[in-house]
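Structural overview
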Amino acid sequence: MFVKIKNEFKFKNLLSYTLALLSAVLISSILFSNNTFADLQGIFYPNASKTTYGTANNGSSFNGSLAYSYWRSETAQGNSNSPTKLRFFNVTTSNGASFPSGAQFGVYKIVDLTEKRFLNWYTANLNSTVRSVDMDYTANMGSLYTEMTVYADPQGIDGTQSNVRYDRYAYTN
């Protein structure tokens, strides 16, 4: 038993253990230094009537050198007054701005246990242009949220990836 323990403290084993530890620390620091944020911008309680849900969304880059804002609204209808499913009909963005200019939209998603992506905003600048997409998508209510990706950087999607923001709306009963 002591021979095995003694062999573990040989130089080549100690070097291997040290390199493994340093690799783990380096990989951990890379994975955990990502500064993307998911901001819950609104919580909605849908019912059986067709309703437009929306709110102003705003945020900033990681270091605060860029601020953005826009309005997003979604038209949806539940299958009852305490819905188990929610049907989406439309999503619209408007009144977008960033200071300094350059921030861009990314992918809009509806996420339950599956994920539906709408690419109509991808690399579009945040400006006053109204963008609207009609759809017919039904999602389960369980852990349902919608998400708009925003690249909060003066260079937009080509900028620092730590400036990615995920503006989310949650839907619950």
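Attention here is on the structure that accompanies the text. (Residues numbered from 1 in each chain as written. Predicted model: local features only at pLDDT ≥ 70, side-chain atom pairs only at ≥ 80, totals over all residues. Heavy atoms only, no water.)

**Focus: the pattern of salt bridges**
Once the charged atoms of two side chains with opposite charge are near each other, the side chains can pair. Scanning the model with the defined rule gives five salt bridges in all. Here Glu 74 ties to Arg 72 by a salt bridge, and the two come within 3.1 Å at their closest N and O atoms. Classification of Glu 74 by relative accessible area gives buried; the value is 0%. A relative accessible area of 0% means that Arg 72 is categorised as buried. In this structure, the salt-bridge partner of Arg 168 is Glu 147, at a minimum N-O distance of 2.6 Å. Residue Arg 168 is found in strand 9 (residues 164-171), and its partner Glu 147 is found in strand 8 (residues 145-151); the two are separated by 21 residues along the sequence. A relative accessible area of 2% means that Glu 147 is categorised as buried. One network of salt bridges, with partners in common, ties together Lys 109, Glu 147 and Arg 168. (Salt bridge = Lys/Arg side-chain N within 4 Å of Asp/Glu carboxyl O. Buried < 20%, exposed > 50% of the residue type's maximum accessible area, 1.4 Å probe, protein only. Helix = DSSP H or I, 4+ residues; strand = E, 2+ residues; numbered from the N terminus.)

**A short note on the pairing of strand 2 (residues 51-60)**
The sheet contact formed by strand 2 and strand 3 (residues 67-78) spans ten bridges and is antiparallel. By the bridge assignment for strand 3, Tyr 53 is matched with Glu 74. The hairpin formed by strand 2 and strand 3 contains six residues between the paired strands, and Gly 64 there has a positive phi angle of roughly 80 degrees. (Pairing = 2+ DSSP bridges.)

**Observations concerning the packing of aromatic side chains**
With the rule as written, the count across this model stands at nine aromatic pairs. Ring geometry for Phe 44 versus Tyr 53: centroids 5.4 Å apart, planes at 45 degrees, classification tilted. The pair formed by Phe 44 and Tyr 53 is uniform in burial state, with each residue classed as buried. The class for Tyr 53 is buried, based on a relative accessible area of 8%. Taking the ring centre of Phe 89 as reference, the NZ or CZ of Lys 50 above it sits at 4.1 Å. (Phe/Tyr/Trp six-rings, centres within 6.5 Å; stacked < 30°, edge-to-face > 60°. Lys NZ or Arg CZ within 6 Å of the ring centre and 35° of its normal.)

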